[in-house]
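Here's the letter readout for the chains.
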Amino acid sequence: MRKAIFMTMSAVILFAFGLLQGQTDMDINELSRGVVKVIIDKTVDNGTGIVIGQEANKLYILTASHVIGKSKKISVRFCPINESNLSPRGDLYKGKVVNKTKFDDRVPKRTDTDLDIAVIEVELPSKDFPIKSFPPIGIGDASRISSFDKVISLCYFDIGIFAAENKIQMTPLEKKICITRDSISPGCSGSPIFDEHENILGIVLFTDVIGAVATKIDSILKKLEEWNENKRRIST
């Protein structure tokens with residue numbers, strides 16, 4: 001029964017992709033191949049991440065630090081709609097945190113004082129190789145976006161990946177982007193946000209009554225460079 005429900009919901013997710021695909025030139029299915037579900041302590045809907053690097057049989061995933069928290073047990077589930085036999089298809093793998101920022105939930109969230117990101121390493125077994133390369137990640141310029149610009153968020157819920165169109169909101173923040181919270185809910189922390197040219201602008205941190213807030217990609221890249229993660233980064 002659970003399998004039947006999962007298949008039905010996967011069809012709904014694919015249908016949503018189809019609707020969105022018709023409204024944009026973005027290749028949603030291609031972008032979604034790098035989106036993963038981050039599961040902590042075997043609970044449900046913890047967060048989302050995106051593959052940002054690959055080194056031999058190891059993949060490196062960017063997500064939000066608060067998704068990880070203090071947990072030692074981390075699992076990652078890859079995109080379930082991938083039809084290729086050369087890449088993970090909805091399989092669950094163990095992960096470990098290789099870098100994360102300290103996140104203080106006592107700090108007001110709509111400030112630039114905190115940086116809430118983490119990098120997870122997943123080592124794939126030899127039976128899953130060769131894997132198909134993940135799509136290169138184009139880097140967007142968050143400084144050029146304006147209010148009401150259209151962006152796409154990709155969130156991995158328990159039932160699969162959902163692509164939603166959002167709008168940029170006015171914000172005085174330097175390190176963060178504020179967007180409408182359409183279809184962004186618990187489980188979306190760490191979700192990548194893309195501009196209309198398929199370039200990543202940031203990752204979702206949280207939602208509140210005003211909207212959703214994401215960390216800008218340029219702030220993330222500076223921290224990745226400090227961590228020496230750039231050497232593995234998949235980018236255009």
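See the structure shown above.
Below is a short write-up of the structure. As a convention, each chain's residues are numbered from 1 in the sequence order in which they are written. Local features in this predicted model are restricted to residues whose pLDDT is 70 or higher, and side-chain atom pairs enter the listing and the counts only when it is 80 or higher, whereas totals over whole chains, interfaces and linings include all residues. Processing note: side-chain calculations cover all non-hydrogen atoms of the structure and skip hydrogens and water entirely.

1. Here we look at unusual backbone geometry
Okay, so step 1: Although it is not a glycine, Ala56 adopts a positive phi angle of roughly 55 degrees.
Okay, so step 2: Of note, Glu198 is a non-glycine position whose phi angle comes to about 70 degrees, a positive value.
Okay, so step 3: Only DSSP runs of H or I reaching four residues or more are called helices, and only runs of E reaching two or more are called strands; each is numbered from the N terminus. Relative to the helices and strands, Glu198 resides in the loop between strand 11 (192–194) and strand 12 (199–207).
Okay, so step 4: Glu198 gets classed as partly exposed once you look at its relative accessible area, which sits at 26%. The buried label goes to any residue with under 20% of its type's maximum accessible area, the exposed label to any with over 50%, and the partly exposed label to all in between, with areas taken from a 1.4 Å probe on protein chains only.

2. Focus: the state of the cysteines
Okay, so step 1: Any cysteine sulfur atom paired with another within 2.5 Å is treated as part of a disulfide. Inspection of the entire model under this criterion finds one disulfide.
Okay, so step 2: Paired by a disulfide, Cys155 and Cys188 hold their sulfur atoms 2.3 Å apart. When the S-S torsion is -110 degrees, as for the bridge of Cys155 with Cys188, the disulfide is left-handed. Pair noted here: Cys155 is in strand 8 (residues 150–157) and Cys188 is in the loop between strand 10 (176–179) and strand 11, with a separation of 33 residues, a long-range link.
Okay, so step 3: Here Cys155 falls in the buried class, since its relative accessible area comes to 3%.
Okay, so step 4: Judged by its relative accessible area of 2%, Cys188 is buried.

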